[in-house]
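Understanding the architecture of this molecule
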Amino acid sequence: YAASVGKVTGVVSHTYDTKSITLTWKKVKNASGYKVYKYNSKSKKYKAVATVSKNKAKITKLSPNKTYKFKVRAYKTKGKKKSYGAYSNVYKKSTAVDVKKILRWSPVFCSPNPSGNSYGCQALIYWSNSYRSLYIITYKSNNYKLNLKN
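What this report covers is the structure whose coordinates are included nearby. (Residues numbered from 1 in each chain as written. Predicted model: local features only at pLDDT ≥ 70, side-chain atom pairs only at ≥ 80, totals over all residues. Heavy atoms only, no water.)

Time to look at the overall build of the protein. Along the protein, the regular secondary structure elements total zero helices and eleven strands. What you see in the protein, going N to C, is helices and strands ordered as β-β-β-β-β-β-β-β-β-β-β. Looking at the 150 residues of the protein, the share that counts as buried comes to 33%. Total accessible area on the protein is roughly 10,000 Å²; 49% of this is exposed by carbon and sulfur atoms. (Helix = DSSP H or I, 4+ residues; strand = E, 2+ residues; numbered from the N terminus. Buried < 20%, exposed > 50% of the residue type's maximum accessible area, 1.4 Å probe, protein only. Areas by Shrake-Rupley, 256 points an atom, 1.4 Å probe, with all protein chains shown as cover.)

Attention now moves to the side chain of Arg73. Structurally, the position occupied by Arg73 is in strand S5 (residues 67–78). Although Arg73 is buried, it makes no salt bridge; Asp17 carries the closest opposite charge, 26 Å away. At 3.2 Å, the side chain of Arg73 and the side chain of Tyr37 are in polar contact. Dropping the residues within four chain positions of it, Arg73 is found in contact with Val8, Gly33, Tyr34, Lys35, Tyr37, Tyr84, Gly85, Ala86 and Tyr87. (Lys, Arg positive; Asp, Glu negative; His and termini not counted. Salt bridge = Lys/Arg side-chain N within 4 Å of Asp/Glu carboxyl O. Polar contact = N/O pair within 3.5 Å; in protein donor to acceptor, adjacent residues only side chain to side chain. Contact = heavy atoms within 4.5 Å.)

With respect to the element layout, Val12 can be found in the segment before strand S1 (21–24). Residues Val12 and Trp25, 13 residues apart in the sequence, show an inter-C-alpha distance of 6.3 Å.

Structure representation (structure tokens):
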């Protein structure tokens, strides 16, 4: 029978964790459930990673400091048959940096925050002696808990 379920829209994530990403999206009228797909860069294909009945899914077993791509689609069940709606647009989200794995960091350029009690810096983050990346960080004096944004 013809697909009677719409396309998923509004996929977002407001979580910032090292090993999981929680996705939410707008409800689709007449949907029985949703399938979430994650892109696998090795196979160059999307693989289903969650089937949920509500418009929210927590994807776990992810690696820190890595960008993932997701698609979501709704389905409607009628008897034993499922009809699927169109895939959502691709949604990209990065997991948080595991600050315990930072070997050292070195400021490149710093300027005071307008409030005056913290600094914003461009900094080189050294994950090992051979691997480094450039991030924007904020920190307060004598408090080296880093909030990293790449």
